[in-house]
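Listed below are the residues making up each chain.
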Amino acid sequence: MLPTESNRENLNRQSTRQTATKNVAVLGATGSIGTATLDVLRHLDAIDTESRWNLFAASGHANVERLGEIADGLDHPPAKIALSDPDCASQFRSRHPEGAFQISSGPEALVDIACDKAVDIVVAAIVGRAGLESTMAAIDAGKRVALANKETLVVAGSLVKTRLANRSAEILPVDSEHSAIFQCLGDKTCKPKKLILTASGGPFRSWTTEQMQQATLDSALDHPTWDMGPKITIDSATMMNKSLEVIEAHWLFDLPADAIEVVVHPQSIIHSMVEFEDGSVIAQLSPPDMRLPIQYALTYPRRLACQTPPLARDQQWDLTLQPVDRDRFPALDLGFEVAAAGGTAGAVVNAANEAAVGLFLDGKIRFTDIVPACRACLESHSFDPNPTLDILLRLDGWARREVHRIISKP
C-alpha cells in the first residue's frame, strides 16, 4: 500500500527537477493535525528552493472561527473552504462572502476537494469514520494521501488495498508510529520479522483497574505528552488508539497480526521499531512533535530542515520500554483480534468505540464502560469476511445504535 521501489525511483528523479507549486488540501484543518500541517506548509514554502507549497483547500466540521482565521491569515487564501455542517457553512458565508475562495458544505464537499484536479496532496486529518469517503475519493483520484485518518484503514482496509493496486495513488503515513516504521524499513528488500509500535501509556499508565473505574473526564483528557483532540485523547487513555494502529499497521505494511507488537514507552521519543530476521532492531527517534511525520509525508522522498527541535544530546536520556498490561488495558486485545479477523470486524469496533467515547464525553457512561461495549458489538454482529462498502457503512450505523442499546439496558 506504500510507495513501491519503482515509484520511489521515479519520485527521486522528479524531485530533482520539480519547481511547480504543490497544492495541498487539508481535510480536517481545524484539528491538531490540521493545525500542525498548516504550520509545516508555511515553513516549507519559506525554505524549500525546489517547490512552492500552497494551501489549496481547507475543511472543518463546525469550527467557523478557526476556518475564518485560516482563510484570513494567509497571504494567498485557499481556493476552497468546506464545512461538513451546512448550518455552520451558512454562518461562515455570512462572515466571509465568497470571492477570494469558494465555500461549500456537506460530506460531498469533502469528496469534491479530494478529487479536485488542482490538488497534488490530500492530508486526511478528519477524525473518525467521517474521513472515510473523502480519503477513498482521493485514492480513486490518484492523489498522494498523507494519512492521519487511521479509521479509513481500520474500517475498509481490504477495499483500500484493492483500489490502490489499480490506481496511481499512494498512502504516506502521518501517525508518528507508522511514519517511524516506514522510515525504519527504508528501501530494504527483506521483509521485517516484527513491527514494534510504541505507546505512551496515556494518563492512566500507572492506574489500577479500580482507579480507572472512578476516572473523571478531566483526568482522562490530561494526556502527559501529546496535545490532541478529545476523542483521540480518550482513545489514548483506553489504549484503543493503539488497537486502531495495530490494525492500520497490518494493512499498511501487509503483515499479519502476530507480527505486530506493542510496548509502552512513556517518553514518546522512540516512535516505533522494526525487528528483522537476524535479530537487528532499527528504531526511529525524535522529539514528540507531529510536524516531523507530517512534513515527511508531504516531501517524501526528500528530507528538508524541519521546525522540530533536535534531541537534547547534552543531557541524559531516559528511554523506558515496558510491556503492556492487557488486563488493565483490554482494548489492545481487540485490536489484534480485529487485525487477524479482517472483514467487517474493524468497522464494527471502530463505530462502537466512537459511539462509546461520545457517551463518555457526555457524562453518560463510565470510562471503563467503553471497551466492554466495543467487545459486545464485535461478538454480536454478523461477521462478513468480504464486505462491500455498503455493508461496512450499514454495520457502522448498526454498531452505533447497538452501543446505545447496550448502555440503556438496566
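Residues numbered from 1 in each chain as written. Predicted model: local features only at pLDDT ≥ 70, side-chain atom pairs only at ≥ 80, totals over all residues. Heavy atoms only, no water.

A short note on the overall build of the chain
Phase 1 of the analysis: Scanning the chain from N- to C-terminus turns up 17 helices and twelve strands.
Phase 2 of the analysis: Relative to the 2.2 N^0.38 estimate, which gives 22 Å for 410 residues, the radius of gyration of the chain is 21 Å and therefore close to what a compact globule would have.
Phase 3 of the analysis: Counting only C-alpha atoms, the chain reaches 55 × 55 × 45 Å along its principal axes.
Phase 4 of the analysis: When burial is assessed residue by residue, the chain has 56% of its 410 residues classed as buried.
Phase 5 of the analysis: When contacts within the chain are restricted to residue pairs at least 6 apart in sequence, long-range pairs at least 24 apart make up 70% of them.
Phase 6 of the analysis: Accessible area for the chain stands at about 17500 Å²; split by element, carbon and sulfur atoms hold 49% of it. (Helix = DSSP H or I, 4+ residues; strand = E, 2+ residues; numbered from the N terminus. Rg over C-alpha atoms; globule rule 2.2 N^0.38 Å. Buried < 20%, exposed > 50% of the residue type's maximum accessible area, 1.4 Å probe, protein only. Contact = heavy atoms within 4.5 Å. Areas by Shrake-Rupley, 256 points an atom, 1.4 Å probe, with all protein chains shown as cover.)

Quick word on helix α16 (residues 370-380)
Count 3.6 residues to each turn of an α-helix, and residues three or four apart come out pointing the same way.
Phase 1 of the analysis: Buried within α16 are the following residues: Ile-370, Val-371, Ala-373, Cys-374, Cys-377 and Leu-378. Burial along α16 is one-sided: seen end-on, the buried residues are contained in an arc of 160°.
Phase 2 of the analysis: Elements that come into contact with the buried residues of α16 comprise α11 (230-238), α12 (240-253), α14 (331-341), α15 (345-361) and α17 (389-408). (Arc of directions from axis to C-beta.)

Topic: the UniProt feature "domain: DXP reductoisomerase C-terminal" (unreviewed entry) in the chain
Phase 1 of the analysis: Per the UniProt annotation, the sites labelled "domain: DXP reductoisomerase C-terminal" (unreviewed entry) are residues 285-401.
Phase 2 of the analysis: With 52% helix and 3% strand, residues 285-401 has its two end C-alpha atoms placed 41 Å apart. (UniProt positions renumbered as here; feature names shortened; annotations may be inferred.)

What about the packing of aromatic side chains?
Phase 1 of the analysis: Inspection of the entire model under this criterion finds seven aromatic pairs.
Phase 2 of the analysis: Ring geometry for Phe-92 against Phe-101: centres 6.1 Å apart, planes inclined by 50°, an arrangement best described as tilted. Exposure class is identical for Phe-92 and Phe-101. Each is buried.
Phase 3 of the analysis: For the pair Phe-182 and Tyr-296, a centre-to-centre distance of 6.3 Å together with 50° between the ring planes defines the contact as tilted. Here Phe-182, found in helix α8 (residues 176-185), pairs with Tyr-296, found in helix α13 (residues 291-299); they are 114 residues apart in sequence, far enough to count as distant.
Phase 4 of the analysis: In this structure Tyr-296 comes out as buried when scored by relative accessible area, which is 11%.
Phase 5 of the analysis: Taken together, the ring pairs connect Phe-204, Trp-207, Phe-360 and Phe-367 into an aromatic cluster. (Phe/Tyr/Trp six-rings, centres within 6.5 Å; stacked < 30°, edge-to-face > 60°.)

Considering the sheet that holds strand β2 (residues 52-60)
Phase 1 of the analysis: With parallel pairing, seven strands are arranged side by side in an open sheet as β4-β3-β2-β1-β5-β6-β7. Edge strands, defined here as strands with exactly one partner in the open sheet, are β4 (102-105) and β7 (170-173). Direction aside, the axes of adjacent strands within the sheet are offset by 25° on average.
Phase 2 of the analysis: Both strand β6 (residues 144-147) and β7 contribute to a ladder of four bridges, which runs parallel. Bridge pairing in β7 places Ala-146 opposite Leu-172.
Phase 3 of the analysis: Packing against the sheet, α13 makes contact with β2, β5 (121-124), β6 and β7, and its axis sits at approximately 170° to β6. (Pairing = 2+ DSSP bridges. Axes fitted to C-alpha atoms, helices over the stretch in contact; angles between N-to-C directions.)

What to know about the sheet that holds strand β8 (residues 194-199)
Phase 1 of the analysis: With mixed pairing, the five strands of this open sheet are ordered in space as β11-β10-β8-β9-β12. This sheet does not close on itself; its edge strands, each paired only once, are β11 (281-285) and β12 (322-323).
Phase 2 of the analysis: As paired elements, β8 and strand β10 (residues 270-275) share four bridges and run antiparallel to each other. Each bridged residue has a counterpart across the sheet, and for Leu-195 the counterpart in β10 is Val-274.

A short note on the packing of α14 against α16
Phase 1 of the analysis: At their nearest, the axes of α14 and α16 sit 10 Å apart, and the two run at 25° to each other. Relative to α16, the element α14 lies roughly parallel. Seen along the crossing, α14 lies across α16 with a hand that is left-handed. On α16, the residues touching Ala-331, Asp-333, Leu-334, Glu-337 and Val-338 of α14 are Val-371, Cys-374, Arg-375 and Leu-378.
Phase 2 of the analysis: Residues that form the contact of α14 with α16 fall into these classes: six nonpolar, no polar and three charged. (Parallel < 35°, antiparallel > 145°, perpendicular 65-115°, else oblique. Left-handed = near helix turned anticlockwise from the far one by under 90°. Nonpolar A, V, L, I, M, F, W, Y, C, P; charged D, E, K, R; others polar.)

Examining the nonpolar core
Phase 1 of the analysis: Counting 128 residues, the largest nonpolar core has Phe-92, Phe-253, Val-262, Leu-298 and Phe-367 as its most contacted members.
Phase 2 of the analysis: At eleven residues, the largest contribution of residues to this core is made by α15.
Phase 3 of the analysis: When we break this core down by domain, the ones giving at least three residues each are domain 1 (18-173) and domain 2 (179-287 + 295-408).
Phase 4 of the analysis: Not counting residues up to four positions away in its chain, the partners in contact with Val-262 are Leu-197, Ala-199, Met-239, Lys-242, Val-246, Val-324, Leu-332 and Phe-336. (Core = buried A, V, L, I, M, F, W, Y, C linked by side-chain atoms within 4.5 Å. Domains from an automatic or database assignment.)

Concerning the pairing of β5
Phase 1 of the analysis: Of the two faces of β5, the one carrying Ile-121 and Val-123 and the one carrying Val-122 and Ala-124 are both buried.
Phase 2 of the analysis: Bridge count for strand β1 (residues 21-27) against β5 is four bridges, and the pairing is parallel. The partner of Val-24 across the bridge, within β5, is Ile-121.
Phase 3 of the analysis: Relative to β6, β5 runs parallel, the two being bridged by four bridges. Counted as the bridge partner of Ala-124 is Leu-147 from β6.
Phase 4 of the analysis: In the classification by handedness, the crossover that spans β5, the intervening helix α6 (residues 132-140) and the parallel β6 is right-handed. (Right-handed = clockwise from strand over helix to strand, strands pointing away.)

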